[in-house]
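# Breakdown of the fold
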Amino acid sequence: MTKKYSRRSVLRTGLATSGAALLTALPAGRLLAQEPEKPSEIIVRAWGGEWVESLKNGVSDRFTEMTGIAVRHDLTEDNEIQPKVWAAVAQGRVPPIHINWDTTTNATKSALRGVTEDIADLPNLANTTDLAKPVGLEGFPLVNTYGYVYVLAYRPEAFPDGPPASWRDLLDPKFKGRIALYNDGIGFHFPAQVAGGGSLEDIPENMEACWDFVREMKAQNPLLGEDPDFTTWFQNGEIDAACTISTNALAAKKNGVELAWTVPEEGCKFDTDCLWIPKGLPENELYWAKQYINLALSQESQQIWLDGLGLPGVVPGLTPPEGLAGDPSYPTEPVDFENLIRVSSAVQVQHESDWFAKFKEIMQG
């Protein structure tokens, strides 16, 4: 799992002169003449659709313009690339990607496995908020790049009385076959726990209320997919509601679909995504991979990248995209998080695979 262009002056001078030197290279700010050999390309694993387009506009194209290094986006799903990277590091082979754009939970699994490079020496880390720092990990084996909410996105015409107040509103028979969820249930487990009559305090020890509600939802024959699917389904008029990252609904809305989103009374999951570098890269390629992530943490790249995603970043001073200031999908102040559900990465790392398996078992049963 599956974000126009406000510009700021932070890196503009470097674009006009020497972009590579401007990146304040690592370590200890080498001069351009001392920088290691440039590879012909670096490979960044990414999500497709609006996600990769936004990354390309905000980071990858700018990186190529500054350095001359091409960026190839590998759209292998995050859960599929993970064992390939783990195997390469374990076997002493060069990993198949230079940078993984990943969920923080998946990345934490990799960090705990010892397959990630520490990137604490990135100069732009000094300009980030606390959201950038991984929780429960030493140093910076990964860096969070933005936050997001798994909202309840919906067609207003399907809800003429106003936004759905509860996730249970989706159990109305008229929505049978017209609801979409992620194919592993990500983003849905925690509000389902509450909608099923359980408590968030029971996570992870007692999730039966969650599974009860998932069984109720299965009777609605939901469509199951990944990020690009949600945008397509809304655009094609195939669904009326979905538990999805707000970015996917925003993409459909940009394409002319009448859509809205809300945080129901049971709440919505809030999480983060991140960037990290696998161990085993040649030294020069590691250097340039770090430069890419450093650029991704600059204010200008964050502004362009996250304008496309409609998500709050980790650099102070970003301007919310038009129409998203104060939106429940764009939390920036403490009060904005009051109805959002945050479960520690440590708990998710330990139990997420089991939750995914249980969800799929119910849906396929």
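Here the residue index of a chain counts from 1 through its sequence in written order. For a predicted model such as this one, the threshold for reporting local features is a pLDDT of at least 70, and the threshold for listing and counting side-chain atom pairs is 80 or more; totals across whole chains, interfaces and linings nevertheless cover every residue. Each side-chain value is worked out from all heavy atoms of the structure, with water and hydrogens disregarded.

## Focus: the domain arrangement of the protein chain
Here the bounds of each domain stem from an automatic or database domain assignment. For the protein chain, the domain assignment lists domain 1 (41-147 + 271-330) and domain 2 (149-270 + 341-364). Just the C-alpha atoms count here: the centres of domain 1 and domain 2 sit 26 Å apart. Opposite the 26 residues of domain 1 that make contact, domain 2 presents 24 residues. Two parts lose some accessible area (1.4 Å probe) when they are put together, and adding that loss for both gives the buried area. Taken over both partners, the interface formed by domain 1 and domain 2 buries close to 2,000 Å², and the fraction arising from carbon and sulfur atoms is 58%. Any carboxyl oxygen of Asp or Glu that lies within 4 Å of a side-chain nitrogen of Lys or Arg is treated as forming a salt bridge with it. Where domain 1 packs against domain 2, one counts three salt bridges. Salt-bridge contacts for aspartate 271 lead to lysine 269; the nearest nitrogen and oxygen are separated by 3.0 Å. In protein, a polar contact means a hydrogen-donor-capable atom and an acceptor-capable atom, both N or O and within 3.5 Å, with residues adjacent in sequence counting only if both atoms are side-chain atoms; elsewhere, any N or O pair within 3.5 Å suffices. At the junction of domain 1 with domain 2, the criterion picks out eight residue pairs in polar contact (both at pLDDT 80 or more). Pairs of residues are marked as contacts when any of their non-hydrogen atoms sit within 4.5 Å.

## Quick notes on helix H3 (residues 50-67)
The helix count covers DSSP runs of H or I at least four residues long, the strand count covers runs of E at least two residues long, and both are numbered beginning at the N terminus. Given a helix with a known number of residues, its expected span is that number minus one, times 1.5 Å. Between its terminal C-alpha atoms H3 stretches 25 Å, which fits the 26 Å expected from 18 residues at 1.5 Å a residue. Note on bend: at a given residue it equals the angle between the axes fitted to the 7 residues ending there and to the 7 starting there. Where H3 bends most, at lysine 56, the angle is about 50 degrees. Trp51, Val52, Ser54, Leu55, Gly58, Val59, Ser60, Arg62, Phe63, Met66 and Thr67 are the residues of H3 that are buried. Exposure categories follow from relative accessible area, calculated using a 1.4 Å probe and restricted to protein chains: below 20% of the type maximum is buried, above 50% is exposed, and the middle band is partly exposed.

## Observations regarding the packing of aromatic side chains
Stacked, edge-to-face and tilted are the three classes for Phe, Tyr and Trp ring pairs, Trp counted by its six-membered ring, which pair at centre distances within 6.5 Å; planes under 30 degrees apart are stacked, over 60 edge-to-face, the rest tilted. Under the counting rule described, the total for this entry stands at 18 aromatic pairs. Between tyrosine 146 and tryptophan 305 the ring centres are 5.7 Å apart and the planes differ by 90 degrees, which places this aromatic pair in the edge-to-face class. With tyrosine 146 in strand E4 (residues 143-154) and tryptophan 305 in helix H11 (residues 299-309), the pair connects residues that are 159 residues apart, well separated along the chain. Judged on exposure class, the residue tyrosine 146 and its partner tryptophan 305 are both buried. Ring pairing ties together the aromatic residues Trp47, Trp51, Trp101, Tyr146, Tyr148, Tyr150, Tyr182, Phe230, Trp233 and Trp305, which thus form one cluster. Put simply, a charge is over a ring when the Lys NZ or the Arg CZ is close to the ring centre, within 6 Å, and near the line of the ring normal, within 35 degrees. Directly above the ring of tryptophan 47 sits arginine 45, whose terminal nitrogen or CZ lies 4.5 Å from the centroid. Stacked on the ring of phenylalanine 140, the Lys or Arg lysine 133 has its end atom at 5.1 Å from the ring centre.

## Concerning the state of the cysteines
Cysteine sulfurs are considered disulfide-paired once they come within 2.5 Å of each other. Under the defined criterion, the tally for this structure stands at zero disulfides. You can see cysteine 268 has no disulfide; the closest cysteine sulfur is in cysteine 243, sitting 6.8 Å from it.

## Comments concerning the pairing of strand E1 (residues 41-45)
Among the five residues in E1, four count as buried, and that is most of the element. By convention, a crossover is right-handed whenever its connection, traced from the first strand over the helix to the second and viewed with the strands pointing away, goes clockwise. Since E1 and strand E2 (residues 70-74) lie parallel, the crossover through H3 that links them has a hand, and here it is right-handed. DSSP calls a pair of strands paired once it identifies at least 2 bridges connecting them. In terms of strand pairing, E1 meets strand E3 (residues 99-103) through two bridges, oriented parallel. From the neighbouring strand, valine 44 faces E3, where its bridge partner is isoleucine 99.

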